[in-house]
Amino acid sequence: MREINAAEISAAVAQMCISANTTLPDDVRRKLEHGLKTETTEAGREIFRQLIENADLARETGLPLCQDCGLAVFYVEMGEDVRVPGGVAQAITQGMVAGYRDGFLRKSSCDPLTRKNTGDNTPAIIHLDQVPGDRLKISYMAKGGGSENMSRVTMLSPSQGWEGIKRSILERVAEAGPNPCPPIILGIGIGGTFEVAPKIAKKALLRKLDDSHPDPKIAALEAELLQAVNRLGIGPMGLGGSHTCLAVKIAMAPCHIASLPLAVNVQCHSARHQEVEF
């Protein structure tokens, strides 16, 4: 049994929260730079220019990429042979609180009815999976409210199939319009259950934007969806153009014979995530 010190986890999580909120991932920046070169509208190209400038300023000044530093979402893969004295969830939460405090990141967590802020961005949203081995991997995502509000879970009929899935996704993006601050990234969860589909949809957003799904059939579906979404013409910040979406990432899971769950998790252009491994 391998023991990992909780204080080390907390320190790493704190640094990860600060870094992810101030430094745009390289794969996202490459997509923005590509958009600047290939966007068909002048207004769209100006949006891309401003997004790249914003990323540069955030990196240089240490200020957040966006004022909405999001709820702190963590996907954790914990080896069966790992032990964390005091608990891994507690260590992650303490690190998140410290990161949002020391990084002067906006605390956005509140009571759903009174709207009173919790004051420290708690609770951390932690999805914990046990895996073989003695390693611990923690992936962090800052998930803002604007894009999250545009996300949906739908229970389709199995007879609707791929065409029904595709139609539902396009309708969701069209209805969202400029609200999630496009160009967006789409995490798509197909299958599972009512609660599994959104979990895998959000986790899919952790993938590199320029990667390809290992299953060629799913990779082809991602490409088909990306092309269809961009044909909507919503464009950067909803001003019209050829770049509504930067990438589509699909995750699938087996489902009940009578069900076809579909989750669409919308992510804005400021895709802030990092990971650490022990």
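Scroll up for the structure.
The structure contained in this document is the topic of the report that follows. Throughout, a residue's number is its position along its own chain's written sequence, starting from 1. Per-residue local features are limited, in this predicted model, to residues with pLDDT of at least 70; the limit for side-chain atom pairs, both in listing and counting, is 80 or more; totals at the level of whole chains, interfaces and linings are taken over all residues. Hydrogens and waters are ignored; side-chain quantities use all the structure's heavy atoms.

### Observations regarding the packing of aromatic side chains
So the rule is basically this: Think of it this way: a Phe, Tyr or Trp ring, Trp meaning its six-membered ring, pairs with another when their centres are within 6.5 Å, and the plane angle makes it stacked under 30 degrees, edge-to-face over 60, tilted otherwise. Counting from the N terminus, the helices are the DSSP runs of H or I reaching at least four residues and the strands are the DSSP runs of E reaching at least two. For every residue, the accessible area obtained with a 1.4 Å probe (protein chains only) is divided by the maximum for its type, and the residue is called buried under 20%, exposed over 50%, and partly exposed between those limits.
In this structure the tally under the stated criterion is one aromatic pair. Consider the rings of Phe 74 and Tyr 140, whose centres lie 5.3 Å apart with planes at 40 degrees: the pair is tilted. With Phe 74 in strand S2 (residues 71-79) and Tyr 140 in strand S5 (residues 136-143), the pair connects residues that are 66 residues apart, well separated along the chain. The burial state of Phe 74 is the same as that of Tyr 140; both residues are buried.

### Here's the deal with the layout of surface pockets
Where empty space is left can be seen by rolling a probe of water-molecule size over the atoms. Cut-off, in case you're wondering: Space inside and on the surface of the protein is sampled on a 1 Å grid over the protein atoms alone, with a cavity defined as a set of points where a 1.4 Å probe fits but cannot get out and a pocket as an open set with protein on both sides within 12 Å along at least 5 of 7 lines; lining residues have an atom within 4 Å of a point. Grid points are joined across faces, edges and corners, and a volume is the space filled by probe spheres set on the points. Amino acid classes used here: Ala, Val, Leu, Ile, Met, Phe, Trp, Tyr, Cys and Pro are nonpolar; Asp, Glu, Lys and Arg are charged; the rest, including Gly, are polar.
The space that makes up the largest pocket amounts to roughly 490 Å³. Forming the walls of the largest pocket are 22 residues, and the residues nearest its centre are Leu 71, Lys 143, Gly 145, Glu 148 and Asn 149. Among the elements of the structure, S2, strand S4 (125-131), helix H5 (145-148) and helix H7 (196-204) are those that each provide at least two residues to the lining of the largest pocket. Across the lining of the largest pocket, the residue classes break down as seven nonpolar, eight polar and seven charged.

### Here's the deal with the pattern of salt bridges
Threshold: For this document, the term salt bridge refers to a Lys or Arg side-chain nitrogen within 4 Å of an Asp or Glu carboxyl oxygen.
Per the counting criterion, the structure on display carries 20 salt bridges. Between Arg 83 and Glu 3 there is a salt bridge, with the nearest N and O atoms lying 2.6 Å from each other. On the criterion of sequence distance, the pair formed by Arg 83 in strand S3 (residues 82-83) and Glu 3 in strand S1 (residues 2-3) is long-range, its members being 80 residues apart. By relative accessible area, which is 42% here, Arg 83 ends up partly exposed.

Any functional reading would require information that these geometric values do not contain.
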